[in-house]
Each structure stands twice: as structure tokens, then as C-alpha cells.
Amino acid sequence: MALLLSFTTAVGQEVRGEDTVGKEVCGGDSARAASQLRVSLLLSEPGDQYFYSIFGHAALRFQTPDMDADYTFTYVGEQLDDGAFARYMRGALKMGLAVSPTEDYIAHEQARRMYEYPLALPDSLARALLTICGREVQAGFKKQYDPITGSCSHKIALYLNEAAGVVGQNIVYSDWGEDYELSVRELCARYTEAFPWAQWLYATLPGSRVDTRQISRMAHLMYPAQLLRLWRGATIEGMPLLNGERTLMVEGEPMGEQTPVTPLMVAIVLLVLAVLSLGRWMGQRWMQWLNVPLLVVIGVVGSVLWYMWLLTDLPYTDWNWLIVPMNPLIIAFWRWRRYWGIPYALVLCALLIYTVVSPYAVMLPAWQVVTAAVMIAVGNGTPKGLWKMEN
């Protein structure tokens, strides 16, 4: 870390006209060292090592051959330990900019294919960017853990924009693409399509805040693939931001086969069981037990959603439409659904219609199917005085 601070001081402080420290550290002219500062984007492709690996990863590499310095800055969550999951569930897990020798960073990223893309940054902009990265590293892990709306790609783009503002240079972005017309939830669904269960997870946990499209274009920048496309079409003072051919840094490991069972398949099974449970009206009372798997899903998923909505401070877990069909109170009052089942089923029907006609994709098809199953199950109670058969 001491070498890193010397590196950022020597190269970065010239932006403010302070080259004394640079001369002391480099043993020569810091302007000469700074003129050879090379910056590149390290982009890891999606992998299946962890749930969050499916997004890919982006980092910034700084090299100064004269100083024999080569560091990579990466925006990540704090070091995971035995209590990390509990901190995450409380909203206490933090994110921040970390730094390591590039050799160590590459060794850590062996599971995913990685490419390096050189950036054609003017010297002053490269030094300003390094100074900002050094500042963020020293600030530590202070940001709330938010891999959805506070991703590595978003942060890296913000750092570059801030550096350009410091030195008075203009970055022109031309290829924003159609992604920026989608909501954050829709972006999650698009970029996780190859991983059905991860897609299901990231479409389930976030609340309604990620359904709006009324956010800035930069806030839409969530995935490394988006960042690469944006920077490929960007120019700085009329010159392309990306310069030169990409270099393969890590071959990566082949991804394992995805499970053939998808969330939509499970949802269809639950719907079929809910429909079959209607056989209880034909005297097959045992068929009412076919709703047990659905009730288990309601209890588990509903408890998690209610907990994350009411008891955590996570930035993206506000009100969630799934709380209506995944309501644990359904289980608590299941025995008395003859009194409330049909009204609740009508509410679920209205919600289902809304998710279909809404301009925002607030639910995956799997959850729409499950909502239909819950609607059938709760409406399958015995309205008091209407049927002879008691529940």
C-alpha cells in the first residue's frame, strides 16, 4: 500500500502542479514518468462461479514502466467472511474501490475469461483518473453493498467522467443503445437470460425502485458489456477512447451446464397442482393437500421479501409487488380462507392483469404463473353458506 500511495502521489499530483514528491519517488522527472502512464480496461466475461459472477466484471489497470508499477483498481464488496451474509441481510455489508498488483488481480480472476482494452487517455486525464482512484481507495469501504444499482461498471464510468471534469476535457458518448430505455429490472432480466435461476433471484429480491425508467443514462450502466459498448463509441477531444486491439489476459474455465429445471418449469408444476386441487369439489378431499408445495414457496419466499422490505436497509429492497402473492399471512389464515379467499383472489387477478399490461416488466413469467396458482388456491376455499361441503 505504501508503494501504491507513492505511485498515485508521484503520477497523480502533477495534475495540481505538485511534482516535488514525484521527483523524490521516481528519482527523476515525474512528468516523464507520467507521460508513460498507461491505462486500460480489464473486462471479465460472465461466469458461473458465484451468483454475482454472471454479470462479468470491469476494472482499471494503471501501468508506469519507468516506476515498475502495475496496479489494478476494482470496485467490489468487502472481504467476505463467516458473518458476511448476516451483514448483507441487515444492509450492513459495504462496497468500495480496492487495489492490488495486477499480477495478483489476474491470478484471482482465473475462473473467467478476461480481456484488456487499452484506453487512449491524454496524460493529464490519465493522471487525474489515477488520483481519483487513489482517493477512493483511501476512503475505504463506505458504500452500502448494491451490486444492482451500484455496479463496478457504473462506478468506473463515473470516475472517468469526474476526471474529465477536473482537467476540463470533454467525453462524447454516441452509442448508448436501447438498453437505456429499459428499467433496471428489465436490464437484469436481459443480461442474466442465460442463467435462469440467477435471473429469478435478481428479479425477485429488488423492490419497485428498480422498475422505473426515470433515471439517468449513467444509472442504467450496470454491466461490463454495456460499459465496453459505450466506451467503444466514445471520443475524447475528437479521438477514440478505446485505442488498439484487445489482449486476452486469462483464458478462463468453461462454464458448467445449467440445470435443466428452470423457475418457469417449477411455476407450471405449482399451477398444475393448484388446478388439480379443485378436485376436492368432486369429493376427492385429499387433493387439497396438493397446495402444500405452493404454501411452502409462499412461506419461504414471502418471509424473505417481508424481512428485506421491513427490516433491512438495503438500497434496492423497498416495496415489492411479489409481497402480494407471496404473503405469509396466507398461511397464517389459510384455515379461514372461506371468508377472505375470493376477495384476495380478485386482488391477485387485478395484479396479474397489471403485470401483463404494464409498460414495465415488473414480474418474470415464472412469477406470473405462480401468482395465477396462488389466485386459484386461495379462491378454492369454501364460501360460508354457499357450499354444503365444509373445508
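The rules behind each value
- Residues numbered from 1 in each chain as written.
- Predicted model: local features only at pLDDT ≥ 70, side-chain atom pairs only at ≥ 80, totals over all residues.
- Heavy atoms only, no water.
- Helix = DSSP H or I, 4+ residues; strand = E, 2+ residues; numbered from the N terminus.
- Buried < 20%, exposed > 50% of the residue type's maximum accessible area, 1.4 Å probe, protein only.
- Contact = heavy atoms within 4.5 Å.
- Areas by Shrake-Rupley, 256 points an atom, 1.4 Å probe, with all protein chains shown as cover.
- Pairing = 2+ DSSP bridges.
- 1 Å grid on protein atoms, 1.4 Å probe; cavity = no way out; pocket = protein on both sides within 12 Å on 5 of 7 lines; lining within 4 Å.
- Points joined across faces, edges and corners; volume = space filled by probe spheres on them.
- Nonpolar A, V, L, I, M, F, W, Y, C, P; charged D, E, K, R; others polar.
- Axes fitted to C-alpha atoms, helices over the stretch in contact; angles between N-to-C directions.
- Parallel < 35°, antiparallel > 145°, perpendicular 65-115°, else oblique.
- Left-handed = near helix turned anticlockwise from the far one by under 90°.
- pLDDT = per-residue confidence, 0-100.
- Salt bridge = Lys/Arg side-chain N within 4 Å of Asp/Glu carboxyl O.

### A few points about the overall build of the protein chain
Along its length, the protein chain carries 15 helices and 10 strands. Relative to its full complement of 391 residues, the protein chain shows a buried share of 48%. Of all intrachain contacts in the protein chain linking residues separated by at least 6 positions in sequence, the fraction that spans at least 24 positions is 77%. Carbon and sulfur atoms form 60% of the exposed surface of the protein chain, whose accessible area is close to 18,700 Å².

### What to know about the sheet that holds strand β8 (residues 235–236)
Backbone hydrogen bonds hold the strands of a sheet together, and the pairing may be parallel or antiparallel. Within the open sheet, the three strands sit side by side as β7-β8-β9. Their pairing is antiparallel. Of all strands in the sheet, those bounded by a partner on one side alone are β7 (171–172) and β9 (239–240). Judged from the two bridges that link them, β7 and β8 form a sheet pairing that is antiparallel. Considered in β8, the bridge of I171 is made with I236.

### As for the layout of surface pockets
In this structure, the second largest pocket spans a volume of roughly 180 Å³. L43, E45, P46, P224 and A225 are, among the 14 residues lining the second largest pocket, the residues nearest its centre. Elements with a contribution of two residues or more to the lining of the second largest pocket: β1 (38–44) and α10 (224–232). Along the lines of polarity and charge, the residues of the lining of the second largest pocket split into 10 nonpolar, two polar and two charged.

### Considerations on the sheet that holds strand β2 (residues 57–64)
One open sheet accounts for seven strands, arranged β6-β4-β3-β2-β1-β5-β10; its pairing is antiparallel. Edge positions in the sheet fall to β6 (143–144) and β10 (247–250), since each of these pairs with one other strand and no more. Here β2 runs beside strand β3 (residues 69–77); their pairing, made up of five bridges, is antiparallel. Paired with F62 across the strands is Y71, a residue of β3. Running at roughly 40° to β2, helix α7 (residues 152–167) makes contact with β2, β3 and β4 (94–101) of the sheet.

### Here we look at the pairing of strand β5 (residues 114–119)
Burial analysis of β5 places five of its six residues in the buried class, which makes it a mostly covered element. Strand direction decides the pairing type here: β5 and β10, joined by three bridges, are antiparallel. Across the sheet, residue E116 finds its bridge partner in β10, namely T247.

### Concerning the packing of helix α6 (residues 123–139) against α7
At a minimum axis separation of 8 Å, α6 and α7 run at an interaxial angle of 125°. The orientation of α6 relative to α7 falls into the category oblique. In the packing of α6 onto α7, the handedness of the crossing is right-handed. Residues S124, L125, A128, L129, I132, R135 and E136 of α6 form the contact with α7, whose own contacting residues are Y159, L160, E162, A163, A164, V166 and V167. In terms of residue class, the contact of α6 with α7 is made up of 10 nonpolar, one polar and three charged.

### Some thoughts on the pairing of β4
Taken together, the seven bridges between β3 and β4 define a ladder with antiparallel strand orientation. Its bridge partner lying in β4, T74 is registered against A98. As judged from the two bridges shared by β4 and β6, these two strands associate in the antiparallel manner. Its bridge partner lying in β6, K94 is registered against Q144.

### Section: unusual backbone geometry
The residue E237 is not glycine, and still its phi comes out positive at about 50°. Tracing the backbone through its elements, the reader meets E237 in the loop between β8 and β9.

### Side note on the confidence of the model for the protein chain
Averaged over all residues, the pLDDT of the protein chain is 81; the fraction at 70 or higher stands at 83%. Here helix α2 (residues 20–26) stands out as the element of the protein chain with the lowest mean pLDDT, 31, in contrast to β5, whose mean of 96 is the highest. Across residues 12–35, where pLDDT falls below 50, the model places 39 contacts with residues more than four positions away in sequence or in other chains.

### As for the pattern of salt bridges
For the coordinates displayed, the defined rule picks out seven salt bridges. For E136, the salt bridge identified is with R135, shortest N-O distance 2.8 Å. When its relative accessible area of 39% is taken as the criterion, R135 is described as partly exposed. Among the ionic pairs, R185 bridges to D211, the shortest N-O distance being 2.5 Å. Remark: D211 occurs in the loop between α9 (196–204) and α10 and R185 occurs in helix α8 (residues 184–191); sequence separation between them is 26 residues. Each member of the pair, R185 together with D211, is buried.

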